Amino acid sequence: MLEIQKINLQQIPFLRIFLFYAIGIVVAFWMTWSEFLLLSSIVTLFLLLCIYIGLLFFKIYNYRDYILFLTIFLLGVLGMANQLPIDIPDLENTRVYQAVVTEIPVRKGEILQTRLGLINTQEFRFLKSSNLRLQTTIWDKDLKITNLEKGDVIVFKGRIQNLPSAYNPKQFDYSSYLKRNGIFYQIFIPSKDVKILSKIPQDAYKFEANIFKIQNFLQSKFKSFISDYSAYQIASAITFGYKADLSAEILEVFSNTGTIHVLSVSGFHVSLMFGLLTWVLKPMDRLPKGRSLRFLFVLIFIWFYALICGLVPAVLRATLMFSIFLIGYWKNKVLFSVNAVFSSAFLLLFYDPFMLFDIGFQLSYLAVLGILLFVPLLKKLYQCENKYLNNILTIVYVSLSAQLTTTTLAMFYFHQFPTYFLISNLILTIPSTLILYFGTFLVVPWTGFNEILGDIVKKLVLSTYDILNYIDSLPFSSIQGIPFSAALTILSYIIILLIFLSIRFQKKWLFMVSLSLIMLTTSLVLHSRLINKSFKGLKVYNTKKELTFAIIDAGSVHLYSTFDSISHKALKFAVHPDLKRYTELSKVGFTNLSGNNKNQSLAIQNDMSLYVMNGNNDSVHNSKILFLRNNTDLPNEINSTLTILDGSNSWKHIHQSVSVLESKNRAYYVLKDNFAYVWKNNNHGKN
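Residues numbered from 1 in each chain as written. Predicted model: local features only at pLDDT ≥ 70, side-chain atom pairs only at ≥ 80, totals over all residues. Heavy atoms only, no water.

Student: What's the story with the nonpolar core in this structure? I'm lost.
Tutor: Here is a general trend for soluble globular proteins: nonpolar side chains tend to be buried in one another's company. Residues Met80, Leu118, Phe156, Ile160, Leu349 and Phe361 are the most contacted members of the largest nonpolar core, which totals 82 residues. Residue contacts for Phe361: discarding those within four places in its chain leaves Phe18, Arg317, Ala345, Leu348, Leu349, Met355 and Leu356. One finds Phe222, Val315, Ile435 and Leu436 within the second-largest nonpolar core, a separate group that totals 37 residues. (Core = buried A, V, L, I, M, F, W, Y, C linked by side-chain atoms within 4.5 Å. Buried < 20%, exposed > 50% of the residue type's maximum accessible area, 1.4 Å probe, protein only. Contact = heavy atoms within 4.5 Å.)

So this is what it looks like as structure tokens:
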């Protein structure tokens, strides 16, 4: 392992290559592209390459590095620009399109979700080529579409739409997530308007279709020999990274305990496979060129393992990174290298620039860097003489180092911190290793042997899950609703860098600066948390055709909704992330509102009265806030301070009601396709 004291920029050239290429990707992502701009960038790149070759030829070294890094930056720009849509599709009219299915369709009741890559667009009597990718929802009411697969070519009729915004505070921004994955538009299609044109996968998808068949075979074996469904879900996720069947409850337990990484194939899984194969094949080293044959076999196996895991980004990332490490150890007996980390990252971004925006990509590389940089440091601080205790201590150091470099980013994205992550990871290390090994051997075609292994895996998984469940139930097992902004995230990584540099160069003043910044960051987080805990007011959330609002009073929260339960999946997605800022979800009160034609009057506080109009009523109401729903007519006399029109109203009715309200000089807010409404300290406004 590369010693922390010996690291310098000359040893890690791929660090600069990666940084300039990544900056180019980010710049291109936020630019508005046209054919002229794309052509101009290509010409500029060509000129830079010519200049660089000329500098090499005439042995002029003064400006060579600047030209090189500018060229790499422009390569990153063009790499991303080539993946972005240049033409804006027709968002006004329904048209006929031809497309290829680029993602395995997932059925949720009457809904079939997938992604499409447009091949062409039928406009009048000619076809216009297109490279747009669409998030697609097919309404299959009669369950007619049963054989749609990745790689199929279809013809459909529909109207392309922009992606919707996240309308509620702290709600997961699904549209931004899709854009970071190269999807900028969506479409909804009735199944009657879909026709499968070709069941023969295009060449690019034939290989993936065969891999998908292998995955289905492996999943069927797991289902056959692991009788408990929850155990099957966890075992297949740990062994092969198959997470499609995982329930929300299981994901929440692993997330809250800081062990969610175990459910995705990562460097941890690949290293375990490497360790097992190395141990089994070690006798090959006695043969002529046996060591090289052993490494070659291990390298082939881990890529085969990646294939049956689906070569999803997380798997590809881990396999490529470990392959570079493996080749380095094979040739130079250097297993880990910071340069290898950045070289694998660069290669992945060259293959798919959108990976830069993938949360898994960011967290995994930060974890590896943390391990490479801080584990040697911690080992120098303290090591046990006892071999077995030292192995446990190494696991602790690895977990602490990875957590040090990933916690900040995880809090920025998820606004939570798993308090008992160290205990959870220590407990999970041995069981997850055994589950991975035993699960892998389940593919062996021996029925009796598989039955025994399946029973062992089931017991291992269930006992481990029970322990994690217990840890999750402990007080303060997960701190929720942490207000961590982008600025605080950047500040936190500056602190981590300063700590590293203070040790690297043995500068006490750098360490003191980092301590001061830690105190500043902590103070800012506590200040934001204090502001949230002292908030008093009303929040009306956008939950489409349903009505949902919360009364918040200095940490006391009561939620009112036409959804039947606070645990409804729509509330979990749209409302829970915001409520966690004010209190624990277990302490939130809940009242189910009537969603039919019955009107409701609510006296919330001394100075706050609400009236929900679900049906026509011409009587006079003196409520502070009037909710107008289900195309209900406004009362003849409007005495409310504010009228809110939610998504249950049609646009025609909203426009009519707004005209009336404006004529009477009454305040109103249209919640449909709009941001959540916040009434704070008797002052109203939107958030």
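Next comes the rest of the account.
Student: Would you mind going over the layout of surface pockets with me for this structure?
Tutor: Any space left empty among the atoms is revealed by the rolling of a water-sized probe across them. Taken as a whole, the second largest pocket encloses approximately 1,700 Å³ of empty space. The wall of the second largest pocket is formed by 45 residues, among which Phe18, Leu19, Leu366, Leu369 and Tyr493 lie closest to the centre. Broken down by secondary-structure element, the contributors of at least two residues to the lining of the second largest pocket are α1 (13-29), α4 (174-179), α11 (338-351), α12 (359-381), α13 (387-414) and α16 (486-504). Considering every element that reaches the lining of the second largest pocket, the biggest residue donor is α16, with 10 residues. In terms of residue class, the lining of the second largest pocket is built from 35 nonpolar, seven polar and three charged. (1 Å grid on protein atoms, 1.4 Å probe; cavity = no way out; pocket = protein on both sides within 12 Å on 5 of 7 lines; lining within 4 Å. Points joined across faces, edges and corners; volume = space filled by probe spheres on them. Helix = DSSP H or I, 4+ residues; strand = E, 2+ residues; numbered from the N terminus. Nonpolar A, V, L, I, M, F, W, Y, C, P; charged D, E, K, R; others polar.)

Student: Would you take a moment to explain the side chain of Ser401 for this structure?
Tutor: With respect to the helices and strands, Ser401 occurs in helix α13. At 2.8 Å, the side chain of Ser401 and the backbone oxygen of Tyr397 are in polar contact. In this structure, Ser401 is in contact with Gly370, Ile371, Phe374, Val375 and Leu378, ignoring residues within four places of it in sequence. (Polar contact = N/O pair within 3.5 Å; in protein donor to acceptor, adjacent residues only side chain to side chain.)

Student: How should the confidence of the model for the protein be read in this particular structure?
Tutor: The predicted structure's coordinates, where accompanied by low pLDDT, should not be read in detail. For the protein, the mean per-residue pLDDT works out to 85, and 93% of the residues sit at or above 70. Here strand β22 (residues 683-686) stands out as the least confident element of the protein, with mean pLDDT 48; strand β20 (residues 668-670) is the most confident, with 96. Scored below 50 in pLDDT, residues 1-5 shows 13 contacts in the model against residues more than four places distant or in partner chains. (pLDDT = per-residue confidence, 0-100.)

Student: How should the packing of aromatic side chains be read in this particular structure?
Tutor: The description of an aromatic ring pair rests on the distance of the ring centres and on the angle between the ring planes. Scanning the model with the defined rule gives 31 aromatic pairs in all. Taken together, a centroid distance of 6.3 Å and an interplanar angle of 40° make the contact between Tyr21 and Phe350 tilted. Placement of the pair is Tyr21 in helix α1 and Phe350 in helix α11, with a sequence separation of 329 residues. Exposure remark for Phe350: the relative accessible area of 53% places this residue in the exposed category. Residues Tyr669 and Tyr677 carry aromatic rings whose centres are separated by 4.6 Å and whose planes lie at 55° to one another, so their mutual orientation is tilted. One exposure class covers both Tyr669 and Tyr677, and it is buried. (Phe/Tyr/Trp six-rings, centres within 6.5 Å; stacked < 30°, edge-to-face > 60°.)

Student: Would you mind going over helix α15 (residues 447-473) with me for this structure?
Tutor: Residues spaced three or four apart along an α-helix point in a common direction, a consequence of the helix completing one turn every 3.6 residues. Relative to the 39 Å expected for 27 residues at 1.5 Å per residue, α15 spans 38 Å between its end C-alpha atoms, a close match to the ideal helical length. Of all the positions in α15, only Asn450, Leu453, Gly454, Val457, Lys458, Leu460, Val461, Thr464, Tyr465, Leu468, Ile471 and Asp472 are classed as buried. (Expected span 1.5 Å × (residues − 1).)

Student: Help me understand empty space enclosed by the protein in this model?
Tutor: All chains considered together, the criterion is met by three cavities of 30 Å³ or more. The computed volume of the second largest cavity comes to approximately 40 Å³. Ranked by the residues each element gives to the lining of the second largest cavity, the list is headed by α15, at three residues. The class makeup of the residues in the lining of the second largest cavity is seven nonpolar, one polar and no charged.

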